[in-house]
Amino acid sequence: MMRIAVGGFQHETNTFAPSKADFAAFAQADSWPALQRGAALLDAFTGMNIPVAGFIEAARAKGHTLVPLVWCSATPSAHVTEDAFERISAMLIDDLIGAGDLDAVYLDLHGAMVTEHFEDGEGELLRRVRAAVGPKIPVVVSLDLHANVTAEMVAHSDALIAYRTYPHVDMAETGARAAAHLDAIFAGLPRQSKALRKIGYLIPLTSQCTLTEPAAHIYGDLQKLDGAVLGNGRVSSISFATGFPPADVKDCSPSIIAYADSEAAAAEAADRIAADVLASESRFREKLWSAREAVAYAVANSAANGGPIILADTQDNPGAGGNGDTVGVLRELLAQKAERAALGVLFDPESAAQAAAAGVGARVKLKLGAKTGGADEEPIDGEFEVVRITDGEFLATGPFYGGSRMSLGTTARLRSGGVEVVVASRKAQCADQEMLKHIGIDPARLATLVVKSSVHFRADFGPLAREVLVVESPGPNIADLARLPYRHLRPGTRVMPLGAAFKG
Ligand SMILES: [Zn+2]
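Throughout this description, residue numbers start from 1 for each chain and increase along the sequence as written. Restriction of local features to residues with pLDDT of at least 70 applies here, the model being predicted, together with a cutoff of 80 or more for giving and counting side-chain atom pairs; totals for whole chains, interfaces and linings are based on all residues. The side-chain quantities take in all heavy atoms of the structure and omit both hydrogens and water.

Brief notes about the coordination of the zinc ion
(1) Moving on: Any nitrogen, oxygen or sulfur atom within 2.8 Å of a metal ion counts as a donor, with the limit raised to 3.2 Å for Na, K and Ca, and since water is left out, coordination shells can look unfinished. Within the protein, the zinc ion binds to Asp144 (OD), Asp144 (OD), His146 (ND1) and His168 (NE2); these donor distances fall in the range 2.1 to 2.7 Å.
(2) Moving on: Coordination of the zinc ion draws on donor residues from a single chain, spaced D-x1-H-x21-H in sequence. One end of the pair, aspartate 144, is in the loop between β5 (139-143) and α5 (151-155); the other, histidine 168, is in the loop between β6 (159-162) and α6 (171-186), with 24 residues separating them in the sequence. Elements are defined by DSSP. Helices are runs of H or I of four residues or more, strands are runs of E of two residues or more, and each kind is numbered from the N terminus.

Overview of unusual backbone geometry
(1) Moving on: Omega for the peptide link from glutamate 213 to proline 214 comes to 5°, which places this bond in the cis form.
(2) Moving on: Looking along the chain, the bond that leaves glycine 344 and enters valine 345 is cis, with omega of -10°.
(3) Moving on: Note that valine 345 resides in strand β13 (residues 341-347).
(4) Moving on: Phi at lysine 337 takes a positive value of approximately 50°, unusual for a residue other than glycine.
(5) Moving on: Backbone geometry places leucine 498, a non-glycine residue, at a positive phi of 60°.
(6) Moving on: Mapped onto the elements, leucine 498 comes out in the segment after β21 (467-472).

Here's the deal with empty space enclosed by the protein
(1) Moving on: A 1.4 Å probe that fits into a set of points on a 1 Å grid over the protein atoms alone but cannot get out defines a cavity; an open set with protein on both sides within 12 Å along at least five of seven lines defines a pocket, and lining residues are those with an atom within 4 Å of a point. Grid points are joined across faces, edges and corners, and a volume is the space filled by probe spheres set on the points. Using the criterion set out here, one finds four cavities of 30 Å³ or more in the structure.
(2) Moving on: Taken as a whole, the largest cavity spans an internal volume of roughly 420 Å³.
(3) Moving on: Glu12, Pro76, Gly319, Phe400 and Gln429 are, among the 29 residues lining the largest cavity, the residues nearest its centre.
(4) Moving on: Ten residues, namely Ala, Val, Leu, Ile, Met, Phe, Trp, Tyr, Cys and Pro, are considered nonpolar, four, namely Asp, Glu, Lys and Arg, are considered charged, and the remaining ones, Gly among them, are considered polar. Class assignment for the residues of the lining of the largest cavity results in 13 nonpolar, twelve polar and four charged.
(5) Moving on: A volume near 50 Å³ is recorded for the second largest cavity.
(6) Moving on: In this structure, the second largest cavity is lined by Pro204, Leu205, Thr206, Pro245, Pro246, Thr314, Asn477, Ile478, Ala479 and Leu481.
(7) Moving on: When its residues are assigned to classes, the lining of the second largest cavity shows seven nonpolar, three polar and no charged.

Details of the layout of surface pockets
Over the atoms rolls a probe the size of a water molecule, and in doing so it shows where empty space is left.
(1) Moving on: Space inside the largest pocket adds up to approximately 300 Å³.
(2) Moving on: Within the lining of the largest pocket, the residues separate by chemical class into four nonpolar, five polar and five charged.

Digging into the state of the cysteines
(1) Moving on: For this text, the term disulfide refers to a pair of cysteine sulfurs within 2.5 Å. Going through the model one piece at a time under the given rule, you end up with zero disulfides.
(2) Moving on: In this model cysteine 252 remains outside any disulfide bridge; the closest cysteine sulfur is found in cysteine 209, 19 Å from its own.

Here's the deal with helix α10 (residues 328-335)
(1) Moving on: For α10, the full list of buried residues reads Gly328, Val329, Leu330, Glu332 and Leu333.
(2) Moving on: One or two steps after α10, the chain reaches lysine 337, where phi turns positive at roughly 50°. Residue burial is assigned from relative accessible area. The probe radius is 1.4 Å, only protein chains are included, and a residue is buried under 20% of its type maximum, exposed over 50%, and partly exposed in between.

Considerations on the pairing of strand β10 (residues 255-260)
(1) Moving on: β10 sits mainly inside the fold: six of its six residues count as buried.
(2) Moving on: Of the two faces of β10, the one lined by Ser255, Ile257 and Tyr259 and the one lined by Ile256, Ala258 and Ala260 are each fully buried.
(3) Moving on: With six bridges joining them, strand β7 (residues 193-198) and β10 adopt antiparallel strand pairing. Bridging from a neighbouring strand, alanine 195 pairs with alanine 258 of β10.
(4) Moving on: Here the rule is simple: two strands pair whenever DSSP picks up at least two bridges between them. Bridging between strand β9 (residues 233-241) and β10 involves six bridges; their strand directions are antiparallel. Counted as the bridge partner of valine 235 is alanine 260 from β10.

Topic: the pairing of strand β20 (residues 448-451)
Side chains on a regular strand alternate between the two faces of the sheet.
(1) Moving on: Of the two faces of β20, the one carrying Thr448 and Val450 and the one carrying Leu449 and Val451 are both buried.
(2) Moving on: Pairing of strand β12 (residues 309-312) with β20, which is carried by four bridges, proceeds in the parallel orientation. When the sheet's bridge partners are listed, isoleucine 310 is paired in β20 with leucine 449.

Regarding the environment of glycine 409
(1) Moving on: Mapped onto the elements of the fold, glycine 409 is located in the loop between β17 (405-407) and β18 (411-416).
(2) Moving on: Residues glycine 409 and lysine 427 lie 18 residues apart in sequence; the distance between their C-alpha atoms is 9.6 Å.
(3) Moving on: Residues within four places of glycine 409 in sequence aside, it is in contact with Thr390, Asp391, Gly392, Ser425 and Arg426. The contact criterion used is simple: two residues touch if any of their non-hydrogen atoms lie within 4.5 Å.

Things to note about the sheet that holds β7
Where strands meet in a sheet, backbone hydrogen bonds hold them as pairs that are either parallel or antiparallel.
(1) Moving on: Spatially, β7-β10-β9-β8 is the arrangement adopted by the four strands of the open sheet, whose pairing is antiparallel. Since the sheet does not close on itself, it has two edges, and those belong to β7 and β8 (229-230), each with one partner.
(2) Moving on: Of the strands in this sheet, β8 and β9 touch helix α7 (residues 215-225), which is tilted by about 155° from β9. Axis definition: a line fitted to C-alpha atoms, over the contacting stretch in the case of helices. Angles run 0 to 180 degrees between N-to-C directions.

So yeah, pure geometry; function would need other evidence.
Below you can see the structure in the form of structure tokens.
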């Protein structure tokens, strides 16, 4: 039985987004739990689709003793403040030093954290962790599929193990895979050779989906390399992180990380997947619709049954740094008089409070959305019927958020003509049917559904969808990466598949 320290520090940084992540953003709950520290950490995640939950469950099943450090996450946004990074890192390192004799460390990290003072947040954190525990203690890390992996992260850890699904339905499973990797180390796995390959082009989030090609077959091939013997070495772990493109940092790119008994085997495994990714470049391109064109298409093609046409309002996705409050698609739904249409979830605490004060059945004049000012937009000035009000507390039931308790604050269901809007007091990516159902909207009965999400919605809403259109409407998660004002990418990186190379 081993003693394993367990912690986490998750942030996905969109360096182009409007607001930063301060300490309070990590301290509070959002769609994931609030900051956890001490013994309570070990029971805070039970049953949730979160890496640390899967790790704890798997490690406990093996009878290991777990030593809690600190775990926290914040909704994706611009940079993590220096204050937040330093305070949370200090907690983690203090807890690690106070943990006594350890056999291993497990960390639940994202891999695309940029702070005000470090381009590579995880690389710096892992450097400090390694310095605290010394060279011999295994440090195993689970990463998001959107990690922008760096050589420093690889150097300062024994293994980086990334999710293999987007929508991320395997987060807890990835934590369990990290636990299994540690068990292999405890059982005498020889010190592993490492290979890191950085891909020379960025992949837009919406075409990274692993349910569709070409990512589907790449992850299929990747899985076959688990445990494969290549020449004189066995592959113990291989990951393909498709990367988080709205991050203006040198190491922004898709990455492959392989571990094997021999250098040649690690290199061969990583090179095979890299070749596959390069050969698939043209297939990672995808059509982007304007809001007007997408709504017109959805209105013209709405059917009495057969499920909604889903418009992914990807650029305002709160899961990628958006504020969830732009109204470009909503304005088109109203202007084109869409019927049986709904939008989830618009972030506008002021309007939610006004609607709640007016009460169910009232008609309220609102300036709806577009309040945080990230996009160059005016709120929608209009009158809405208050259909229902909730406290925004409910249990997510879909495969992505499944098991998490949502806390969206005062939430209002508003209606204007055939268009309904779910307005919440906290930002949340619309990736679970309960976000609509808890307030009485059945997404299966809609003709048109707009979600503030890029891909995660596909896990729960995908089976309902007649069709999915990716829409380019205001928001900081720019889908056409060629439009982003990059300054720090690695020179030569193609900013879109088959796109122009960044010159530096
Ligand atoms: Zn992700």
